[in-house]
Amino acid sequence: MKFAQDPAAILADLAELRAADAPTHGGRVLSYVYDSGLAELDELAAAAIRAVQPVNGLDPTTFTSVAAMERDLVAFARGMLGGGDDVVGSVTTGGTESCLLAVKTARDLWSGAGRPRLVAPVTAHAAFQKAAHYFGLELDLVPVQPDGRVEAAELIARLAPDVALVVVSAPSYPHAALDPVAAVASAALERGIPCHVDACIGGWVLPFWDGIEPWDFRVPGVTSISADLHKFGYAPKGASVLLHRGRDRHRAQYFATTRWPGYPVVNPTMLGSKSAGPLAAAWAITRALGRDGFGELAASCARSTAALTSVVDGIEGLRVVGSPAGPLFAVATDDSTPADRRVDPHHWADAARARGWLLQLQPALAQSDGSILPHTTHLTITPVTESVLEPLSEALVAAAGDVRGIPPVTPEQVIGSLPPDLVAGLAEIGPLDSDTAWGILQQVGIGGDGGALPERLAPLLALIAALPAPLTERLLVELLARLVEP
Ligand SMILES: *Cc1c(COP(=O)(O)O)cnc(C)c1O
């Protein structure tokens, strides 16, 4: 067949598109990507994906390689996560899917009356909010301390017969807080409530982390654990595992129907037809690294995390939040320094970005008890970080120097910069149609020029914290939806 376009030209265009992306390798992006720093591991993953490219992961009886690889990964995962023979599970397409399925499973096993409730610290990943929304659970988010720690007693106090699942994190994404797994799981066990440990980010590094409390299947009462292969499992995106204690629990994760005229549908996960690529890549990577390889890479992450947290703690005006468990941490303003010596974490992130390092801005959050979690900047440390420790440390120090003494953007400032008629209308704004939402975005100077974000993100994050959440959420939907409109 004569193609409409020459493959070489198509690939050249793709290369040009990719060149505009944030760099996925080299350690300059400290979130989103988990770079082992081992080029041969990426090559192995690419070859594994290629080998299964045409396979449909929908049916492991027809494509038996899929079952074999999944079986191996479940075995590897339960070994790493302290599970015995009674622990079984599935490979999913990512952390969100693992979390969604943990909640769906708990909901289906719940036998109470009325509406089931999901209890979690407010720091639990947003995927659990999504799960509650999709699957019709009431969401009960428990406030945490300013350092991201949740009191076990506050979670336990919420456990009642209507609770279908309590979730804790190992560790939490925003502040790397290791939740009190043992206390919560044991209280849950006493009450017959399942307890999910979200180890999406920690699952493959915490087994090698020193000085932390037990958090895995060795803890009585832990009924399921999620652990992402596409984070510290170093696999390409599209792979995570969800393990359950007990076959019956795992079986409740499935959906099956024979009540249509087509093939019998028996799906362990949310998708039907699916790629076997990320599964094959993750399978190949776990075999190549083995337990020892993961241990070595975790040790590298631990060295870099120790080095960088001490760099940040040494920067006047900044502080590391809480005691991070794992290779990630949040940075906040050190309020014990005089105002003219403080460093705002968002200005700092913008300054680091101008120097070529991408840190992740996290907005302030008003909790249900009225307390405010301060805005922070997040860094995830991966093995590749060790190769850039020096220039990164220098950039973090220099970026702080660039913005020291500049006060944070206040809600009043961002609101004040909005057109007065818009502000007057904000209070009674109802559901927005797409054109109105787009109009507001233009008025606040976002989304021009192909949906580009402003160079400095600090004001945008302040806006997110200042406006009512439903309004911001609607505006962000508009922004992202316009990005992909033809
Ligand atoms: C990343 C993450 C998730 C969600 O995972 P995705 O792979 O992005 O869907 C859930 N929980 C925690 C703690 C995470 O870090």
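A quick note: this is a predicted structure, and the numbers were derived from the prediction, not measured. Starting afresh in each chain, residues are numbered from 1 along the sequence in its written order. In keeping with the predicted nature of the model, local features appear solely for residues at pLDDT of at least 70, side-chain atom pairs appear and are counted solely at 80 or more, and the whole-chain, interface and lining totals rest on all residues. Where side-chain values are given, they derive from all heavy atoms of the structure, hydrogens and water being excluded.

1. Overview of helix H10 (residues 345-354)
Then, in step 1: Remark: exposure states derive from per-residue accessible area (1.4 Å probe, protein chains only) relative to the maximum for the residue type, with buried under 20%, exposed over 50%, and partly exposed in between. Helix and strand labels come from DSSP, where a helix needs a run of H or I of at least four residues and a strand needs a run of E of at least two; each type is numbered from the N terminus. Burial of H10 is extensive: eight of the 10 residues sit out of reach of the surface.
Then, in step 2: The set of residues buried in H10 consists of Pro-345, His-346, His-347, Trp-348, Ala-349, Asp-350, Ala-351 and Ala-352.
Then, in step 3: We call two N or O atoms a polar contact when they sit within 3.5 Å, provided that within protein one can donate a hydrogen and the other can accept it, with sequence-adjacent residues counted only if both atoms are side-chain atoms. The opening residue of H10 is Asp-344, an N-cap whose side-chain oxygen sits 3.1 Å from the backbone nitrogen of His-346.
Then, in step 4: Among the residues trailing H10, Gly-356 stands out with phi positive, at a value near 95°.

2. Let's talk about the pairing of strand S3 (residues 138-142)
The side chains of a regular strand alternate, residue by residue, between the two faces of the sheet.
Then, in step 1: Direction of pairing for strand S2 (residues 117-121) relative to S3: parallel, over a ladder of five bridges. What sits directly across from Ala-120, in S3, is Leu-141.
Then, in step 2: We call a crossover right-handed when, viewed with the strands running away from us, the connection from the first strand over the helix to the second turns clockwise. Each parallel crossover has a hand, and for S2 linked through helix H5 (residues 127-135) to S3 it is right-handed. One requirement defines pairing of two strands: DSSP has to find at least two bridges between them.

3. Focus on the nonpolar core
Then, in step 1: Ranked by size, the top nonpolar core spans 71 residues in total, and within it Val-166 and Trp-204 carry the most contacts.
Then, in step 2: A per-element tally of this core places helix H9 (residues 277-313) first, with 11 residues.
Then, in step 3: Per the annotation, domain bounds derive from an automatic or database assignment of domains. Counting contributing residues, this core receives three or more from each of domain 1 (46-286) and domain 2 (297-403).
Then, in step 4: Residues count as neighbours in contact if any of their non-hydrogen atoms are within 4.5 Å of one another. Among residues more than four places away in sequence, those in contact with Trp-204 are Phe-76, Ala-77, Met-80, Ala-227, Asp-228, Leu-229, Phe-232, Gly-233, Val-241 and Phe-294. Grouping buried Ala, Val, Leu, Ile, Met, Phe, Trp, Tyr and Cys residues that are joined through side-chain atoms within 4.5 Å yields what is termed a nonpolar core.

4. Focus on the layout of surface pockets
Then, in step 1: Empty space within the second largest pocket amounts to approximately 580 Å³.
Then, in step 2: Forming the walls of the second largest pocket are 34 residues, and the residues nearest its centre are Glu-70, Arg-71, Gly-89, Ser-90 and Val-91.
Then, in step 3: It is helix H3 (residues 64-80) that contributes the most residues to the lining of the second largest pocket, seven residues altogether.
Then, in step 4: Put simply, Ala, Val, Leu, Ile, Met, Phe, Trp, Tyr, Cys and Pro go in the nonpolar bin, Asp, Glu, Lys and Arg in the charged bin, and everything else, Gly too, in the polar bin. Classifying every residue of the lining of the second largest pocket by side-chain character gives 16 nonpolar, 11 polar and seven charged. Here a cavity denotes a set of grid points, spaced 1 Å apart and computed over the protein atoms alone, in which a 1.4 Å probe fits but from which it cannot get out, and a pocket denotes an open set meeting protein on both sides within 12 Å along at least five of seven lines; residues with an atom within 4 Å of a point are reported as lining. Grid points are joined across faces, edges and corners, and a volume is the space filled by probe spheres set on the points.

That's the geometry; what it means functionally is another story.
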